[in-house]
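An overview of the molecular structure
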Amino acid sequence: MKDDLLDRLARENGTVMLSDLHGYISRERICDAVEKIPPEDYTLEEWEEAAGYILGKKPPHFSTAQAARRYLCNCLRRF
């Protein structure tokens, strides 16, 4: 059984608490973890959910998982 995307990101950043993805872990580290995950490993909906949760705002709707993944990284790198 594959991990939920948010659980995977938390685990790969050394925490079991999803809430740590909101600011206790550097955004650069989260983006590094995101970039290592192929977009096709998760559905478009999972990428959009992760972006919304991590960024704390509703993301736009995307047409592909790759676009949602790219948006998440772009937003993380801006801060």
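First, a word on what this report is: a plain description of the structure on this page. Computed from a predicted structure; not experimentally measured.

Definitions and limits used
Residues numbered from 1 in each chain as written. Predicted model: local features only at pLDDT ≥ 70, side-chain atom pairs only at ≥ 80, totals over all residues. Heavy atoms only, no water. Phe/Tyr/Trp six-rings, centres within 6.5 Å; stacked < 30°, edge-to-face > 60°. Buried < 20%, exposed > 50% of the residue type's maximum accessible area, 1.4 Å probe, protein only. Axes fitted to C-alpha atoms, helices over the stretch in contact; angles between N-to-C directions. Helix = DSSP H or I, 4+ residues; strand = E, 2+ residues; numbered from the N terminus. Parallel < 35°, antiparallel > 145°, perpendicular 65-115°, else oblique. Contact = heavy atoms within 4.5 Å. Nonpolar A, V, L, I, M, F, W, Y, C, P; charged D, E, K, R; others polar. Lys, Arg positive; Asp, Glu negative; His and termini not counted. Salt bridge = Lys/Arg side-chain N within 4 Å of Asp/Glu carboxyl O.

Turning to the packing of aromatic side chains, a few remarks are in order. Overall, the coordinates contain 2 aromatic pairs when judged by the stated rule. On the basis of an interplanar angle of 90° and a centroid distance of 6.2 Å, the ring pair of tyrosine 42 and tryptophan 47 is categorised as edge-to-face. The pair tyrosine 42 / tryptophan 47 is uniform in exposure class, with both members buried. Both rings, one in phenylalanine 62 and one in tyrosine 71, keep their centres 5.1 Å apart while their planes meet at 50°; by these two values the pair is tilted.

Time to look at the packing of helix α1 (residues 5-12) against helix α3 (residues 44-55). For any two helices packed against each other, the geometry is given by the interaxial angle and the distance between the axes. At a minimum axis distance of 9 Å, the contact between α1 and α3 shows a crossing angle of 55°. Classified by the angle between their axes, α1 and α3 sit oblique to one another. Contacts from Leu5, Leu6 and Leu9 of α1 reach α3 at Glu46, Trp47, Glu49, Ala50, Tyr53 and Ile54. The class makeup of the residues in the contact of α1 with α3 is 7 nonpolar, no polar and 2 charged.

Turning to the environment of methionine 17, a few remarks are in order. Of note, methionine 17 is situated in the loop between α1 and α2 (27-35). When the C-alpha positions of methionine 17 and histidine 61 are compared, they lie 26 Å apart, and in sequence the two are 44 residues distant.

Before going further, it helps to spend a moment on the side chain of glutamate 48. With respect to the element layout, glutamate 48 can be found in helix α3. For the buried glutamate 48, which has no salt bridge, the nearest side chain bearing the opposite charge is lysine 58, at an N-O separation of 7.2 Å. Look past the residues within four positions of glutamate 48 in its chain and what remains in contact with it is Pro59, Pro60, His61, Phe62 and Ala68.

Assignment of secondary structure puts asparagine 74 in helix α4 (residues 65-78). Put simply, asparagine 74 and cysteine 31 are 43 residues apart on the chain and 8.4 Å apart in space, counted from C-alpha to C-alpha.

What is shown is where atoms sit, not what they do.
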